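Breakdown of the fold
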Amino acid sequence: MSEALRFEILGPQRAWYADRPLDLGPGKQRAVLAVLLLAAGRPVPTGQIVDAVWPEEPPANGPNVVQKYVAGLRRVLEPDRSPRTPAQVLTLTDAGYVLRIPPEAVDAVRFERGVRRARQWQAAGRTEDALAEVTGALERWQGEPFTGFTGAYFDAARHRLVELRAVALETRTELELASGRHGELVGRLVELVAEFPVRERLRHQLMLALHRGGRQAEALAAYRDFADLLREEYGIEPGEALQDLHRRILRSDPSLTLPAPPAPPASPAPLAPSGPHELSGTQPLSGPPAPTPVPAPRAGSTPDGTGVPDASTSAEPEAAAVQLAPGSRPSATGTAPAPAATGPAEVFAATGPAAAPTPAPDVPGSAPAASPVPPASPVPPASPVPPATPVPPVPPGWSAGAAGPLTPVPHALLVAMNQPADAPADRRAPGWARLAATLAGTATVLVSFGSLTWAVVLGYALWRRSWRLALAGIGYFLLVLSVFVLAVSSPETEEISDGEALYLIVAMGACWLLGTAHVVLLNPTLWAAVGGLFWTGRQRTDEQRRLRREQARYLLHHYPAARVDLRIGRPDLLRTYDDGGLVDVNAVPDPVLATLPGLTVDQRRQVAVDRWLRGPYGSLEELAGRCHLPPAATETLRDVLLFLPPEPPPVRHS
């Protein structure tokens, strides 16, 4: 049954059994299914489902509500199952609910794997295969995922998929530029720049496509528009890579044009094949393999001649803290041999996270040292273990830019980004709408002397879909109704008793004064401010760090260059920006992984070894599945880990 199920979440949420579409039911049931699809094949605790589906006001009987929606999903996913037969697709374990389907049944998983294969083939020089793979992956995208689902859980999943799509779009454009298709790219790049206005990589590709199409003035105008946008909105300048491309366009650098294809040999000497190597054309008949003559690329350039590294071509994370052993791999500058990397297990032999790595002798089972790379080969030979790239020390206030040299972090951006703000975390309504609603509601309660408090609170209940507020509004209404009934039923000639007078005063006072305070505190910002008065120092610090983390995630989503400029998620590097303790699990060295909260020593070692052997992680669910982490550990890590694509190695200009 599970093999015939297919699900789509990259756009409208849909499901099929074989070729028959399935009706997934109401919105909350669809949200429960979305949470299970994001962790297909792994148990999801009931509490995590409740927090994801009801982020603001979870129901009092949350587990029972989840059980009801799970029962509805079982009827949809297994329509032929009898009520007394155990479920096979959606089961309950001690660790939570498990949706037992192959990962390939979800289009988002197929999309991620297609992008990963395209990046690997691009790194191997298989341009056409990589282009076909990334194009097929992007065709799976039907719109923004999780439309209609709110809360931090779905926001984080949505942002991760949108970021991966942006990387895939940049990868496809990079491959098409390398194939000489710049003429047909301009229109599409204009649309992508409008969709992602602050992604410098897309701006770079647009300028290059315009320049190669003979539209130099438009390329310079595109740079000027982007520079004006960054100055007005963020108070910063474009990155060094974009500035370098601007200077090269101004002087009509001939290296920006595509190199002419090499001429075929005049009279190739035929060779009789005698084995599989000769049939494939990779080796002559006898003797050592002869290198194919390839013109050496310009220092600091990429295959398309732009001199800018592509964030999607690097498939391995930085390995700055990996133990090094003597070897013969050339260094990045070509002036001295650099040590080759061994396995990460030696890192945990240090006495603490800050202990400096020392050379370790070869041990059984460690990865072999990387072989020397011929200087004339544009693509290094494949190796099971990527060579380590030592990270130079960075002075305070500076960060290593994508283009190699150190670039200063803009002071204005650091000041602006370190201001406390909760707007990115609260997405229920714009700030002006919340303020206007608070002012209008408070004025209504005050002017009506509390007689319309029930209407204001019920309006908030409809806005937020809160049954608790609905009960409060009904309570205010009953108080006003009782006062009205008491006033009407009392004869005009008789005086009301002291008890009735006291009741009228208490009831109207509750509706007027208490109702005013209630409406004012319905504003999330004011409620947080009042709650902050009763926090302990530890709680206040934790809340500030949480806001810093949300602010840093929001900044990464809207300004991807901040990853390099501010070193978000890199506690191992010197920096001036406070990101609240985020950790980029694909980039930090192994000693930082040894400090992750909620994990045992063995689990931390497993994370480091698995990352070294199988490459970077794409999500927390992938990390938990590959390292067999329990749900309790993954919940602790959800708030602090980042899963960014690995940074490319720095390009050094000669």
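Figured I'd write up the structure that's included with this text.

Cut-offs used in this document
Residues numbered from 1 in each chain as written. Predicted model: local features only at pLDDT ≥ 70, side-chain atom pairs only at ≥ 80, totals over all residues. Heavy atoms only, no water. Helix = DSSP H or I, 4+ residues; strand = E, 2+ residues; numbered from the N terminus. Buried < 20%, exposed > 50% of the residue type's maximum accessible area, 1.4 Å probe, protein only. Contact = heavy atoms within 4.5 Å. Areas by Shrake-Rupley, 256 points an atom, 1.4 Å probe, with all protein chains shown as cover. Core = buried A, V, L, I, M, F, W, Y, C linked by side-chain atoms within 4.5 Å. Pairing = 2+ DSSP bridges. Phe/Tyr/Trp six-rings, centres within 6.5 Å; stacked < 30°, edge-to-face > 60°. Lys NZ or Arg CZ within 6 Å of the ring centre and 35° of its normal. Axes fitted to C-alpha atoms, helices over the stretch in contact; angles between N-to-C directions. Left-handed = near helix turned anticlockwise from the far one by under 90°. Nonpolar A, V, L, I, M, F, W, Y, C, P; charged D, E, K, R; others polar. Salt bridge = Lys/Arg side-chain N within 4 Å of Asp/Glu carboxyl O.

In terms of helices and strands, the protein chain carries 23 helices and 11 strands. Out of the 654 residues belonging to the protein chain, those deemed buried represent 43%. Excluding contacts between residues fewer than 6 apart, the proportion of contacts in the protein chain whose partners are at least 24 apart in sequence is 63%. Element-wise, carbon and sulfur atoms account for 61% of the exposed surface of the protein chain, whose accessible area totals about 33,400 Å².

Of all hydrophobic cores here, the largest spans 96 residues; its most connected members are Ile101 and Ile568. A total of 11 residues in this core trace back to one element, the largest contributor, which is helix α6 (residues 152–178). Grouped together as the second largest cluster of nonpolar side chains are 20 residues, Val585, Val588, Ala608 and Cys627 included.

What follows is about the sheet that holds strand β3 (residues 20–21). The three strands lie next to each other as β1-β2-β3, forming an open sheet whose pairing is antiparallel. Each edge of the open sheet carries a strand with a single partner, namely β1 (5–8) and β3. Where β1 and strand β2 (residues 14–17) come together, four bridges link them in antiparallel fashion. Note on β2: the bridge partner recorded for leucine 5 is tyrosine 17.

Turning to the packing of aromatic side chains, a few remarks are in order. Inspection of every chain in the model, using the stated rule, returns eight aromatic pairs. Residues phenylalanine 146 and phenylalanine 154 carry aromatic rings whose centres are separated by 5.6 Å and whose planes lie at 45 degrees to one another, so their mutual orientation is tilted. Linked through ring pairs, Phe146, Phe149, Tyr153 and Phe154 together constitute an aromatic cluster. Geometry around tyrosine 69 places lysine 68 over its ring, the cationic atom sitting 4.8 Å from the centre.

You can see arginine 199 is positioned in the loop between α7 (186–195) and α8 (200–212). The exposure class of arginine 199 is buried, given its relative accessible area of 7%. Setting aside anything within four residues of it in sequence, one finds arginine 199 in contact with Glu163, Ala166, Val167, Glu170 and Pro560.

Orientation of helix α15 (residues 467–489) relative to helix α16 (residues 498–521), taken along the N-to-C sense of each, is 150 degrees, at an axis distance of 10 Å. Crossing geometry of α15 relative to α16 is assigned as left-handed. In contact with Leu469, Ala472, Tyr476, Leu479, Val480, Ser482, Val483 and Leu486 of α15, α16 contributes Glu500, Tyr503, Leu504, Ala507, Met508, Ala510, Cys511, Leu514, Gly515 and His518. Its residues placed into classes, the contact of α15 with α16 shows 14 nonpolar, three polar and one charged.

Turning to the environment of valine 607, a few remarks are in order. Among the structural elements, valine 607 can be located in helix α21 (residues 601–614). Since its relative accessible area comes to 1%, valine 607 is described here as buried. Sequence separation between valine 607 and histidine 628 is 21 residues; the distance between their C-alpha atoms is 9.6 Å. In contact with valine 607, not counting residues within four places along its chain, are Leu593, Leu599, Tyr617, Leu623 and Cys627.

Moving on to the pattern of salt bridges. Counted according to the given criterion, the structure contains 33 salt bridges. Residues arginine 126 and aspartate 129 are paired through a salt bridge, measuring 2.9 Å at the closest nitrogen-oxygen approach. With relative accessibility at 38%, the residue arginine 126 sits in the partly exposed group. With a relative accessible area of 34%, aspartate 129 lands in the partly exposed category.

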